[in-house]
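Chain by chain, the residues:
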Amino acid sequence: MLCADNLFTGTKKNVDHLHNHPRFEFMRHDVCFPLYVEVDEIYNLACPASPIHYQHDPVQTTKTSVHGAINMLGLAKRLKCKIFQASTSEVYGDPSVHPQPEEYWGNVNPIGPRSCYDEGKRCAETLFFDYYRQHQLEIKVARIFNTYGPRMHPKDGRVVSNFIMQALAHEDVTIYGDGSQTRSFCYVDDLIEGFVRMMASPKEVVGPINLGNPVEFTMVELAEQVLKLTNSKSKLKHMPLPADDPKQRRPDISKARSTLGWEPKVPLTEGLRQTVDYFRNLS
Ligand code: UDP
């Protein structure tokens with residue numbers, strides 16, 4: 001297993017436990033540059049996914065999704081191997097259809113602060129489907145909804161890590177807007193099981209397939225759960241809502257259920273407990 005990462009948002013610590021595995025190898029590499037290796041399957045997960053990270057250098061974000069996809073698709077074409085693309089619920093933008101099925105084309109602002117990520121990922125999907133039609137490549141495109149769990153960066157900036165870190169420090173919990181916007185949170189182990197099932201699925205299963213947890217929460221409900229689990233004295237503090245922040249998001253996972261026999265198993269309280277333990281023990 002070859003893990004290639006430029007460590008822009010990840011850390012080597014996250015794969016420490018794998019170094020003794022006889023078939024694990026780590027390589028520092030940025031997908032914006034071509035990669036010449038020999039592998040049997042490719043999972044392309046490259047691109048920072050947290051708004052603060054992907055908006056830090058928006059041009060680089062688009063390059064990572066678009067040039068990265070071209071490089072990985074080129075590699076798959078040379079090796080004639082299967083390739084999985086980690087696409088995103090952001091392709092639906094601020095959705096006017098709820099919950100979001102794969103047939104929905106989305107409501108994305110092409111010129112806003114989130115566009116570098118959203119349009120980059122949309123263009124990557126286009127490239128995957130063009131390589132599929134033009135070069136008969138075996139593709140697997142998954143659209144990933146909000147995911148959380150141990151080994152997230154404590155300063156990742158996303159809502160789950162922010163709330164837990166703030167609650168553990170008894171600092172104000174920052175709710176953007178009135179906190180009525182919704183998200184559906186999938187525990188990382190459930191998500192990975194979905195990736196593996198999709199990669200192992202028959203050739204005709206190309207996607208896109210939504211992978212996420214269909215149980216929806218408002219940000220205020222999430223904050224309350226985190227405060228309860230951490231026994232925190234923190235108070236909720238309302239802050240301005242970022243531009244183009246989607247008001248609601250919940251995956252329709254009928255396709256994942258019927259084609260992959262997949263659905264999330266870990267409820268939010270259980271997943272949050274694991275994540276709180278991880279953040280509590282960070283040195
Ligand atoms: N959010 C919040 N407080 C925070 C961080 C995020 O209220 O400290 C909100 C954010 O405005 C959004 C939701 O939580 O409505 C999820 O944000 P996140 O950045 O985790 O991911 P997104 O789904 O927006 O990409």
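Let me begin by describing the structure that accompanies this report.

Rules and cut-offs
- Residues numbered from 1 in each chain as written.
- Predicted model: local features only at pLDDT ≥ 70, side-chain atom pairs only at ≥ 80, totals over all residues.
- Heavy atoms only, no water.
- Helix = DSSP H or I, 4+ residues; strand = E, 2+ residues; numbered from the N terminus.
- Buried < 20%, exposed > 50% of the residue type's maximum accessible area, 1.4 Å probe, protein only.
- Contact = heavy atoms within 4.5 Å.
- Lys, Arg positive; Asp, Glu negative; His and termini not counted.
- Charge placed at Lys NZ, Arg CZ, Asp CG, Glu CD.
- Near = heavy atom within 4 Å.
- Polar contact = N/O pair within 3.5 Å; in protein donor to acceptor, adjacent residues only side chain to side chain.
- Areas by Shrake-Rupley, 256 points an atom, 1.4 Å probe, with all protein chains shown as cover.
- Nonpolar A, V, L, I, M, F, W, Y, C, P; charged D, E, K, R; others polar.
- Expected span 1.5 Å × (residues − 1).
- Phe/Tyr/Trp six-rings, centres within 6.5 Å; stacked < 30°, edge-to-face > 60°.

1. So, the overall build of the protein chain
Regarding its fold elements, the protein chain presents eight helices and twelve strands. On the principal axes, the C-alpha backbone points of the protein chain span a range of 55 × 45 × 40 Å. A total of 283 residues make up the protein chain; the buried ones form 48% of that total. Long-range pairs, those at least 24 residues apart, make up 82% of the contacts in the protein chain with a sequence separation of at least 6. Across the protein chain, the mean location of the 33 positive side-chain charges is 2 Å away from that of the 34 negative side-chain charges.

2. Section: the site of the ligand
As a structural note, the neighbourhood of the ligand is formed by 18 residues, with V159, T174, Y176, R183 and D245 the closest of them. A distance of 2.8 Å separates an oxygen atom of the ligand from a polar atom in the backbone of Y176. Separating an oxygen atom of the ligand from a side-chain N or O atom of D245 is a distance of 2.6 Å. Considered on its own, the ligand offers 510 Å² of accessible surface; in the complex 96% of this is hidden by protein. Class assignment of the residues belonging to the shell around the ligand gives a composition of seven nonpolar, five polar and six charged.

3. Some remarks on helix 6 (residues 219-230)
Each turn of an α-helix holds 3.6 residues, which means side chains three or four residues apart point in the same direction. In this model helix 6 runs 16 Å from its N-terminal to its C-terminal C-alpha over twelve residues, within 8% of the 16 Å that 1.5 Å per residue would give. For helix 6, the secondary structure elements touched by its buried residues are helix 4 (159-168), strand 7 (173-176), strand 8 (182-184), strand 11 (216-218), strand 12 (236-239) and helix 8 (268-280). Positioned one or two residues after helix 6, N231 has a phi angle of 50°, which is positive.

4. Side note on the environment of E270
In this fold, E270 is placed in helix 8. Note on E270: relative accessible area 29%, which makes it partly exposed. In the structure, E270 is positioned 121 residues away from G149 in sequence and 10 Å away in space, judged by C-alpha atoms. Within the local environment of E270, its side chain forms a polar contact with the side chain of Q274, the two groups lying 2.8 Å apart.

5. Description of the packing of aromatic side chains
How two aromatic rings sit relative to each other is given by the distance of their centres and the angle of their planes. Applying the stated criterion across every chain, the model contains nine aromatic pairs. Ring centres 4.7 Å apart and planes at 45° place the aromatic pair F84 and F195 in the tilted group. Here F84, found in strand 4 (residues 82-88), pairs with F195, found in helix 5 (residues 188-199); they are 111 residues apart in sequence, far enough to count as distant. Grouping residues by exposure puts F84 and F195 together as buried. Plain terms: the ring middles of Y92 and F145 are 6.1 Å apart, the flat faces sit at 40° to each other, and that makes the pair tilted. With Y92 in the loop between strand 4 and helix 3 (115-135) and F145 in the loop between strand 5 (139-144) and strand 6 (147-148), the pair connects residues that are 53 residues apart, well separated along the chain. This pair shows no difference in class: Y92 is buried, exactly as F145 is. An aromatic cluster is present here, built from Y43, F84 and F195 joined pairwise through their rings.

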